[in-house]
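Listed here are the chains, written in short residue letters.
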Amino acid sequence: MRILKKISALPFFSNSFNIVPEAVSTDIEKSALKEAYKNYFYIGVALSLDQILGKEPKTIEVLEKHFNSITPENILKWEEVHPELNRYNFEAVDRFVALGEKFKMHIIGHTLVWHLQTPDWVFRDEAGNLLNREALLQRMKDHIFTVVGRYKGRIRGWDVVNEAIAENGQLRKSKWFEIIGEDFIVKAFEYAHQADPDAELYYNEYDYEIKPKCEGVIRLIKTLKSKGVHLDGVGIQGHWFIEWPDIKDIESYIEALSSLDVNLMVTELDISALPFYAVDSKVVDISSFNNELQKKHNPYPDFLPVVAQINLANRYADLFKMFLKHKEKFSRVTFWAVHDEQSWRNYIPIKGRTDHPMLFDRNCRPKPALDAVIKSAQEWKK
Ligand code: GLA
């Protein structure tokens, strides 16, 4: 019932979906996402290297029209920006920041201290032995001062620490934790604040659905606050599915996080249209599955059928209505790709699948989900 009602409200349905295999929205030429949300929160998006380098002109049109905040998908991760001890790679980041300034966007840096995409040399001396606490702190400080310092006053907010809490609510046993100890988080925030006292600083995390983990993040934020750490916001990554998590579960942890004196933001939103596959430590290739399993795990290799498009649109609409309900707490919602082709969900945890998680399809055409998100805000005003 619910789906049928919403189908008739979507513009493409009375349009040419018999001709165009993927349902494409048409109303959208008239409205922009960022306009619809301008009184509520920033609407951001993650940009890939190719996009930053100007290799996808269509993406830049979409970017300019619909978004007012940008995050680099990869180029500010340690392995990209600081691949060797005495070598930083700033060329692409300079272009990213210049692009954001050109469009007057709210520019976000992602991410300073993380256990992944950080080269092993970071934790070792020249002889290959693990560093001691002081040496690793110094290395962390140098990195943060160099990177944050270079974009002082230009990158407005930083994901300072990413994913430090494990599923059991304890600090993850990363090399940062094992070598420095639990105050590595306090130190990272201190260094970032010293490097740019005006920048907003965030803690970013995923899987708040796991109760002990969510409680662990809340404990961490309270501890950081009680120690006088400068922390402006908490990021909920938002790598979700059509059927999971339940909106009520997301809302209940948003309410729990709302009691902390910080802004909330959804920092990496995407909604996989594919069936859930338990994430293992290793990525598997879809071609290693038999035919039947390939069909099961990669059901939409050519296009997203209409009903699935509608489910995606409904899911996005429900989420944004809930974000709007808590709009006083939210400062930003960032999508973790401009279009479907760019999304990491095509290759993790199974490589070679065709996912459809974003608001724009592989040709950068708006999907019904875009209309649904815009309409959620327009109807909210009424
Ligand atoms: C985490 C990171 C992102 C990105 C995604 C997907 O959410 O914060 O930078 O790498 O994983 O890979």
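Along every chain, residues carry numbers that run from 1 in the direction the sequence is written. Since the coordinates come from a predicted model, pLDDT governs what is reported: local features require at least 70, and pairs of side-chain atoms require 80 or more to be given and counted, while whole-chain, interface and lining totals use all residues. The basis for the side-chain values is all heavy atoms of the structure; hydrogens and waters are excluded.

### Remarks on the packing of aromatic side chains
Side-chain rings of Phe, Tyr and Trp, where Trp is taken by its six-membered ring, are said to pair if the distance between their centres is within 6.5 Å; with planes under 30 degrees apart they count as stacked, over 60 as edge-to-face, and otherwise as tilted. Per the counting criterion, the structure on display carries 18 aromatic pairs. Taking 5.2 Å as the distance between ring centres and 70° as the angle between the ring planes, the aromatic pair formed by phenylalanine 320 and phenylalanine 323 counts as edge-to-face. Of this pair, phenylalanine 320 and phenylalanine 323 are both found in helix H13 (residues 306–325), 3 residues apart, which corresponds to roughly one turn of the helix. On the basis of relative accessible area, phenylalanine 320 is assigned to the buried category, the value being 0%. Exposure remark for phenylalanine 323: the relative accessible area of 0% places this residue in the buried category. Only when the NZ of Lys or the CZ of Arg is both within 6 Å of the ring centre and within 35 degrees of the ring normal is a charge said to sit over the ring. Directly above the ring of phenylalanine 145 sits lysine 141, whose terminal nitrogen or CZ lies 5.4 Å from the centroid. Where helices and strands are cited, they refer to DSSP runs of H or I of at least four residues and of E of at least two residues respectively, numbered from the N terminus. Exposure classes here rest on a 1.4 Å probe applied to the protein chains alone. A residue is buried below 20% of its type maximum, exposed above 50%, and partly exposed in between.

### Here's the deal with the side chain of threonine 71
With respect to the element layout, threonine 71 can be found in strand E2 (residues 69–72). The contact criterion used is simple: two residues touch if any of their non-hydrogen atoms lie within 4.5 Å. In this view, threonine 71 contacts Val45, Ala46, Leu47, Phe96, Ile108, His110, Arg332, Thr334 and Trp336; residues no more than four positions away in its chain are not counted.

### Structural notes on the environment of isoleucine 247
Of note, isoleucine 247 is situated in helix H11 (residues 247–258). Take isoleucine 247: its relative accessible area is 19%, and that puts it in the buried class. Between the alpha carbons of isoleucine 247 and serine 226 there is a distance of 31 Å; along the sequence they are 21 residues apart. In this structure isoleucine 247 touches Arg315, Asp318, Leu319 and Met322, once residues within four positions along its chain are discounted.

### Some details on the side chain of asparagine 346
Among the secondary structure elements, asparagine 346 is positioned in the loop between strand E10 (330–335) and strand E11 (350–351). Polar contact is the term for a pair of N or O atoms within 3.5 Å; when the atoms are in protein, one must be able to donate a hydrogen and the other to accept it, and sequence-neighboring residues count only if both atoms are side-chain atoms. A distance of 3.4 Å separates the side chain of asparagine 346 from the backbone oxygen of glutamate 341, its partner in a polar contact. Apart from the residues within four sequence positions on either side, asparagine 346 is in contact with Asp340, Glu341, Lys351, Gly352, Arg353, Thr354, Asp355 and Arg362.

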